[in-house]
Amino acid sequence: MKIGFVSAILDGWTFDEVIDVAVNYGYDCVEVACWPQGKAERRYSGVCHIDVKNLDEQTATRILKKCKDTGVEISSLAYYPNTLDPDKEKQTFIIEHLKAVMRASKMLNVNLVTTFIGRDQTKTVEENIEEVKKVWPPLMDYAESLGVKVAIENCPMLFGSDQWPGGQNLFTSPSNWRKIFSVIQSDHLGVNFDPSHSV
């Protein structure tokens with residue numbers, strides 16, 4: 001087992017500075033935040049330590065060299081949006097950025113993306129499952145074509161009253177996991193289990 005942290009806690013720091021922190025505190029790996037450039041909508045979002053939209057071979061080589069020289073691995077590329085956002089224009093932007101994160105994950109030989117399933121908080125679980133059926137199978141087909149795995153975190157996304165009721169992530173309980181795995185049948189999809197969200 002390797003111990004690491006998600007880089008979103010170091011908002012405003014560069015990728016190199018994040019890796020140096022990991023070295024200084026004895027961490028083995030980092031889950032690197034890859035939000036789009038821009039203003040954060042909520043806590044721990046909007047953090048970008050790798051600009052996946054503009055990642056080229058030269059930058060990828062430099063990132064990999066930093067990891068090799070320090071012995072700190074990138075455990076995954078992280079982007080935690082609401083992929084089931086009812087605003088279709090926003091949803092399209094989110095999905096396209098998630099695909100860019102997947103491509104960057106392949107380019108960096110990480111081959112793992114950590115994210116959310118999302119949720120329309122105005123709809124029931126059953127109604128959201130119908131949305132999952134539309135949005136996620138094509139996303140997983142894309143991930144599989146790249147050889148990238150996707151791990152979904154179990155955070156309920158209930159940071160404030162504006163996310164009530166239901167939160168913005170459907171993937172919050174074993175019951176919901178089973179429902180989602182039954183409609184997205186992919187060996188490339190798994191759980192990014194955070195035990196703190198069980199509290």
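Residues numbered from 1 in each chain as written. Predicted model: local features only at pLDDT ≥ 70, side-chain atom pairs only at ≥ 80, totals over all residues. Heavy atoms only, no water.

### Re unusual backbone geometry
Notably, Asn-109 is not glycine yet its phi reads approximately 60°, a positive angle. Looking at the secondary structure, you find Asn-109 in the loop between α3 (88-107) and β4 (112-115). The phi dihedral of Asn-111 falls on the positive side, at around 60°, and the residue is not glycine. Of note, Asn-111 is situated in the loop between α3 and β4. Relative accessible area serves as the criterion here: at 29%, Asn-111 is assigned to the partly exposed category. (Helix = DSSP H or I, 4+ residues; strand = E, 2+ residues; numbered from the N terminus. Buried < 20%, exposed > 50% of the residue type's maximum accessible area, 1.4 Å probe, protein only.)

### Re the pattern of salt bridges
Tallying each qualifying case throughout the model produces ten salt bridges. Across the salt bridge formed by Lys-99 and Glu-96, the nearest N and O atoms sit 3.7 Å from each other. Of this pair, Lys-99 and Glu-96 both sit in helix α3, three residues apart, which is roughly one turn of that helix. Taking the relative accessible area as the measure of exposure, Lys-99 reaches 21% and is therefore partly exposed. (Salt bridge = Lys/Arg side-chain N within 4 Å of Asp/Glu carboxyl O.)

### What about the environment of Asn-169?
Inspection of the secondary structure assignment puts Asn-169 in the loop between β5 (149-153) and α5 (174-183). Asn-169 gets classed as buried once you look at its relative accessible area, which sits at 0%. When near neighbours in sequence (up to four residues on either side) are disregarded, Asn-169 contacts Phe-116, Ile-117, Gly-118, Arg-119, Glu-153, Asn-154, Cys-155, Pro-156 and Met-157. Engagement of the side chain of Asn-169 in a polar contact is seen with the backbone nitrogen of Ile-117, the distance being 3.2 Å. Engagement of the side chain of Asn-169 in a polar contact is seen with the backbone oxygen of Cys-155, the distance being 2.7 Å. (Contact = heavy atoms within 4.5 Å. Polar contact = N/O pair within 3.5 Å; in protein donor to acceptor, adjacent residues only side chain to side chain.)

### A look at the packing of aromatic side chains
What the rule picks out here adds up to seven aromatic pairs. Pairing Phe-5 with Tyr-27 gives two aromatic rings, centres 5.0 Å apart and planes at 70°, and the pair type is edge-to-face. Of this pair, Phe-5 sits in strand β1 (residues 4-6) while Tyr-27 sits in the loop between α1 (15-25) and β2 (29-33), and the two are 22 residues apart along the sequence. Assessed through its relative accessible area of 30%, Tyr-27 is described here as partly exposed. When the centroid spacing of 6.2 Å and the interplanar angle of 40° are considered together, the rings of Trp-35 and Tyr-80 count as tilted. One end of the pair, Trp-35, is in the loop between β2 and α2 (57-70); the other, Tyr-80, is in the loop between β3 (73-78) and α3, with 45 residues separating them in the sequence. Neither Trp-35 nor Tyr-80 differs from the other in exposure class; each is buried. Feature note: the residues Trp-35, Tyr-79, Tyr-80 and Phe-116 constitute an aromatic cluster, connected by ring pairs. Seen from the ring of Tyr-142, Lys-99 lies directly overhead, with NZ or CZ sitting 5.4 Å from the centre. (Phe/Tyr/Trp six-rings, centres within 6.5 Å; stacked < 30°, edge-to-face > 60°. Lys NZ or Arg CZ within 6 Å of the ring centre and 35° of its normal.)

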